[in-house]
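Listed below, chain by chain, are the residues.
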Protein chains: 2
Amino acid sequence: MAPEFADRMKNIHQSFVREILKVADNPEIISFAGGLPNPDSFPVEALKEAANKVLSEDGAQALQYSTSEGYQPLREYIARRYDKNGLNVDSENILITNGSQQCIDLVGKVFLNQDDKVLLERPTYLAAIQALGLYQPEFREVPLLEDGVEISFLEKILTGERIKMFYAVTNFQNPTGITYSQRKREEVAELLQKQDTLLVEDNPYGEIRFAGKNLAPINSYLTDGVLFGSFSKIVAPGMRMGWIVASDDIMDNLVIAKQASDLHSNYFTQRVVYQFLQDNDVDKHVQKIRRMYRKQRDLMIRMIQEHFPAEVHYTEPEGGMFLWVTLPPGLSSMDLFDLALKEDVAFVPGETFYVNDAEKNTLRLNFSNSDREKIEIGIKRLGKSIEKLIVQKNI
Amino acid sequence: MAPEFADRMKNIHQSFVREILKVADNPEIISFAGGLPNPDSFPVEALKEAANKVLSEDGAQALQYSTSEGYQPLREYIARRYDKNGLNVDSENILITNGSQQCIDLVGKVFLNQDDKVLLERPTYLAAIQALGLYQPEFREVPLLEDGVEISFLEKILTGERIKMFYAVTNFQNPTGITYSQRKREEVAELLQKQDTLLVEDNPYGEIRFAGKNLAPINSYLTDGVLFGSFSKIVAPGMRMGWIVASDDIMDNLVIAKQASDLHSNYFTQRVVYQFLQDNDVDKHVQKIRRMYRKQRDLMIRMIQEHFPAEVHYTEPEGGMFLWVTLPPGLSSMDLFDLALKEDVAFVPGETFYVNDAEKNTLRLNFSNSDREKIEIGIKRLGKSIEKLIVQKNI
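Residues numbered from 1 in each chain as written. Chains lettered and ligands numbered in written order. Predicted model: local features only at pLDDT ≥ 70, side-chain atom pairs only at ≥ 80, totals over all residues.

A. Looking closely at the overall build of chain A. Along the backbone of chain A there are 12 helices and 14 strands. Over its C-alpha trace chain A gives a radius of gyration of 21 Å, about what one expects of a compact globule, namely 21 Å for 395 residues. With respect to the three principal axes, the spread of C-alpha positions in chain A is 65 × 55 × 50 Å. Counting all 395 residues of chain A, 54% fall into the buried class. Within chain A, counting contacts between residues at least 6 apart in sequence, those at least 24 apart form 77% of the total. (Helix = DSSP H or I, 4+ residues; strand = E, 2+ residues; numbered from the N terminus. Rg over C-alpha atoms; globule rule 2.2 N^0.38 Å. Buried ≥ 20, exposed ≤ 12 C-beta atoms within 10 Å, placed from the backbone. Contact = placed C-beta atoms within 7 Å.)

B. Region of the structure containing the relation of the copies chain B and chain A. Aligned on chain A, chain B shows an RMSD of 0.0 Å; the corresponding rotation is 180 degrees and the shift along the axis is 0.0 Å. Put plainly, the chains are arranged around a two-fold axis. Here 100% of the interface residues in chain B have copies in chain A that are interface residues too; the copies meet face to matching face. (Least-squares fit on C-alpha atoms with pLDDT ≥ 70 in both.)

C. How the structure looks around the pairing of strand β11 (residues 322–326) of chain B. Residues and elements named next belong to chain B. Burial runs high along β11: 4 of the 5 residues are buried. Pairing of strand β10 (residues 313–314) with β11 involves 2 bridges; the strand directions are antiparallel. Counted as the bridge partner of Tyr314 is Val325 from β11. Bridge count for β11 against strand β14 (residues 362–366) is 5 bridges, and the pairing is antiparallel. Bridging from a neighbouring strand, Leu323 pairs with Leu365 of β14. (Pairing = 2+ DSSP bridges.)

D. Expanded view of helix α9 (residues 267–279) of chain B. Across its 13 residues, α9 of chain B extends 18 Å between first and last C-alpha, which sits within 8% of the 18 Å expected from 1.5 Å per residue. With 11 of its 13 residues buried, α9 of chain B lies for the most part within the structure. Within α9 of chain B, the full set of buried residues consists of Tyr267, Phe268, Thr269, Gln270, Arg271, Val272, Val273, Tyr274, Gln275, Phe276 and Leu277 of chain B. Considering only its buried residues, α9 of chain B is in contact with α9 (267–279) of chain A together with α2 (44–62), α3 (72–84), β2 (94–97) and α10 (282–307) of chain B. (Expected span 1.5 Å × (residues − 1).)

E. Examining the pairing of β14 of chain B more closely. All names here are of chain B. Extensive coverage of β14 is indicated by the burial of 5 of its 5 residues. Burial along β14 is two-sided: the face carrying Thr362, Arg364 and Asn366 and the face carrying Leu363 and Leu365 are both buried. Strand direction decides the pairing type here: strand β13 (residues 348–349) and β14, joined by 2 bridges, are antiparallel. Residue pairing in the sheet places Pro349 in a bridge with Leu363 of β14.

F. Structural view of the interface of chain B and chain A. Contacts between the two partners involve 62 residues from chain B and, on the opposite side, 62 residues from chain A. Going through the elements one at a time, α2, α4 (99–111), α5 (126–133), α8 (248–262) and α9 of chain B are the ones with two or more residues in the side of chain B that touches chain A. Tallying contributions element by element places α2 of chain B first for the side of chain B that touches chain A, with 11 residues. The residue inventory of the side of chain B that touches chain A, partitioned by class, reads 34 nonpolar, 19 polar and 9 charged. (Nonpolar A, V, L, I, M, F, W, Y, C, P; charged D, E, K, R; others polar.)

G. Representation of the sheet that holds β14 of chain B within the structure. Sheet architecture is open: 4 strands sit in the order β10-β11-β14-β13 (chain B), paired in antiparallel fashion. Edge positions in the sheet fall to β10 and β13 of chain B, since each has one partner strand and no second.

H. Up close: the sheet that holds β2 of chain B. Residue and element names in this part refer to chain B. With respect to topology, 8 strands assemble into an open sheet ordered β2-β9-β8-β7-β6-β3-β4-β5, the strand pairing being mixed. In this open sheet, the two strands that pair with only one neighbour each are β2 and β5 (148–149). Where strand β3 (residues 117–122) lies against strand β4 (residues 138–145), 6 bridges are found, and the strand directions are parallel. Bridge pairing in β4 links Leu119 to Arg140. Across the sheet, α3 lies against β2, β8 (226–230) and β9 (242–245), angled at about 115 degrees from β2, the strand it touches most. (Axes fitted to C-alpha atoms, helices over the stretch in contact; angles between N-to-C directions.)

I. Highlighting the nonpolar core. Judged by nonpolar contacts, the single largest core of 238 residues is most densely connected at Ile244, Leu254 and Val273 of chain A together with Ile244, Leu254 and Val273 of chain B. Filtering out sequence-adjacent residues up to four positions away, Leu254 of chain A remains in contact with Leu95, Leu106, Val110, Ile244 and Ala246 of chain A. (Core = buried A, V, L, I, M, F, W, Y, C linked by C-beta atoms within 7 Å.)

J. Layout of helix α6 (residues 151–160) of chain A. All names here are of chain A. Residues Leu154, Ile157 and Leu158 constitute the buried set of α6. Buried residues along α6 cover an arc of 95 degrees about the axis, so they all sit on one side. For α6, the exposed residues lying more than 90 degrees away from the buried face are Ser152, Lys156, Thr159 and Gly160. Where α6 is buried, its residues contact β3 (117–122), β4 (138–145), β5 (148–149) and α7 (182–193). (Arc of directions from axis to C-beta.)

K. Looking closely at the domain arrangement of chain A. Residues and elements named next belong to chain A. According to the domain assignment, chain A contains domain 1 (7–42 + 284–393) and domain 2 (45–279). A straight line from the C-alpha centre of domain 1 to that of domain 2 covers 25 Å. Here the element with the most residues in the side of domain 1 that touches domain 2 is helix α10 (residues 282–307); it accounts for 5 residues. Taken together, the residues that form the side of domain 1 that touches domain 2 break down as 15 nonpolar, 10 polar and 5 charged. (Domains from an automatic or database assignment.)

L. Main features of the environment of Leu299 of chain A. All names here are of chain A. Mapping Leu299 onto the fold places it in helix α10. Once the C-alpha coordinates of Leu299 and Asp40 are considered, the two residues, 259 residues apart in sequence, prove to be 18 Å apart. The residues touching Leu299, leaving out its near neighbours within four places in the chain, are Arg372 and Ile375.

M. A look at the environment of Arg302 of chain B. Its location among the elements puts Arg302 of chain B in helix α10. With 74 residues separating them in the primary sequence, Arg302 of chain B and Glu376 of chain B have C-alpha atoms 9.3 Å apart.

N. A look at the confidence of the model for chain A. In the predicted model, chain A carries a mean pLDDT of 95, and the fraction of residues at 70 or more is 99%. Two numbers describe this predicted complex: its pTM, 0.97, and its ipTM, 0.96. (pLDDT = per-residue confidence, 0-100.)

O. The packing of helix α4 (residues 99–111) of chain A against helix α8 (residues 248–262) of chain A, seen in detail. Residues and elements named next belong to chain A. Their axes nearest at 9 Å, the elements α4 and α8 cross at an angle of 115 degrees. Considering their axes alone, α4 and α8 lie roughly perpendicular with respect to each other. You can see that α4 and α8 cross each other, and the crossing is right-handed. Residues Leu106, Lys109 and Val110 of α4 form the contact with α8, whose participating residues are Asn253, Leu254, Ala257, Lys258 and Ser261. The residue inventory of the contact of α4 with α8, partitioned by class, reads 4 nonpolar, 2 polar and 2 charged. (Parallel < 35°, antiparallel > 145°, perpendicular 65-115°, else oblique. Left-handed = near helix turned anticlockwise from the far one by under 90°.)

P. Quick peek at unusual backbone geometry. Residue and element names in this part refer to chain B. The omega torsion across Arg122 and Pro123 is 0 degrees, close enough to zero to call that bond cis. Within the secondary structure layout, Pro123 lies in the loop between β3 and α5. If you check the backbone angles, Arg240 has positive phi at about 45 degrees while not being a glycine. Structurally, Arg240 is set in the loop between β8 and β9. The phi dihedral of Asp344 falls on the positive side, at around 65 degrees, and the residue is not glycine. Looking at where Asp344 falls in the secondary structure, it is placed in the loop between α11 (333–342) and β12 (345–346).

Right under this line is the structure:
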């Protein structure tokens, strides 16, 4: 007989996203639901060359066990790339992970005791709720405005009780597409510096900025936060390659947690990704992705402007993969989901991105994994469904 | 200012293995310390062909995000391979992980509350102590005899208090090389069936049997245990590919924990490993590894017989990568380590593999990642060092 599961497993944030993604997997459905990069952007040929080179030149070594910290030249590459962007990071302070999702888990493991208070943006990245939730913290939420979190609210929360960590996606946030302004970054840093609250800054989309000016992470104003990065959006997500930047003390503990979790990240793939980065013009490649996604975002916004009722609000992200739609108050995006599905269109209803008191009239649209035709037809149909919903609900 | 680390980080099993492995990394040292497969056994060319094929035929898809459970054809391959060995496993009950180390972490996450009792073999796999230790259980230990755990002791422990899980490596155990006999397997199963203790059966070396008869895992006599497997020893460890077999209920929870931990295992590598398994004669490849390791084990044992004092005891493993040496009582393998290092020979002192009251006169020798010359010279020198130690200690 199997024993009982751990208490933490009762704590799972119920999510219908898996079910939604399954529905959206039907090829007849135009899906804006998933959070996938566009596979047309994957450098397949260049990765093939990189894999060949690694296996030809150093195959046996590249297939052996390796260190928990990660492949040293890859860590140095990441440090140099930060340097180019004006951020001073030592390669010794970089841990290679299985995508940035594992960063969240490791930071939870290293820092969270049961009932610790964790502050999330409202709304926030669903899988962060799930990963951190397994460490049984109490969640608090701070509202997101168009230029980052609401500062007065953040101050009240940080001074009102002891908050162990604040998880924030500061560029083109998932799900909203919102980016923190320069001023907000400085204000958040100033507030955090007075507290022993750890800033956990997740930045999976940072390189995919196609409008506005590049802004330094909030971590650049702090001594002790942690910063995540990922190759999922600039190389390919199936290879699960991310990293954490952390100060020495935190790094030591993260390495222990990483070693306990899975010894080390896939070494073969670390070598392949590094070879790809060495042998190719990465900036040019990233530029290509930016142009592609910008075009798709522009088209999606144009179609929204043409086909959604005027009272529907939407964000205009300066990068990343998502935009966020707010229906008139009183409408439910779950109802809209059912209507849209009849028209073979799918998205993710917003309520899944909240811990408490979800804003039920919100929804997330992905524009990265799409094309002109799908966006034109899909948004048009979605507009019709919204109109139908408004008529039904008599709003 | 950074906040305090979680309590679980204070719970870390202190280990000097990392330091030892660093010392042993010096190319002038003959090291029997690491737990590495022999890189000469890695199918580099075949993996290169597999990677090429995957990227040529389905590159964009193979680089995209995928499901948490793992690549379905790979799960089916594993199920078929069990079937061939007389074990009935459904592919739906297989979760692909980042090596079998992650299996340990996920099972800890899904089952362990703080202070739950976890039973370990004595001695046991070091990284299991570390991975499970982070869930803050209380450890118990059951002695290993030459044919598996001591049954009367196991019975006393299982009936004396509630044991949540029993972690066992039943084939060619790390560190001892010991394999459970058929009778022991049945006796352990019988005892466990009366309790709600989860058997966590780790089997990373099972395929590398070069003597004796293949025996079914203890899990084949149970309905609810979990069984781990790994491609690290039959394909390559750098690719971090392992799996868990678990019943439906447990599987559901493991998938949730896997998703929270890192979304899914490296999909590209899953595809490459599957392609390799499809296109090559795996049995022949495994046979080659078995022959190689058997030869190395035979030589190591012959050299031990020739060069170690007669009062030194050693195991004769029927497979795997390690053998276990017991010095006369009163001697310390840490003292031997210092002496041997002066002769440029390294190994892992046994005390690191115990939770409490380590047997200080034990040590682990790896024979897989070696060659004829190293074994001949290294064991000869080690024999001399043992003799020197005996003289020093006047035993």
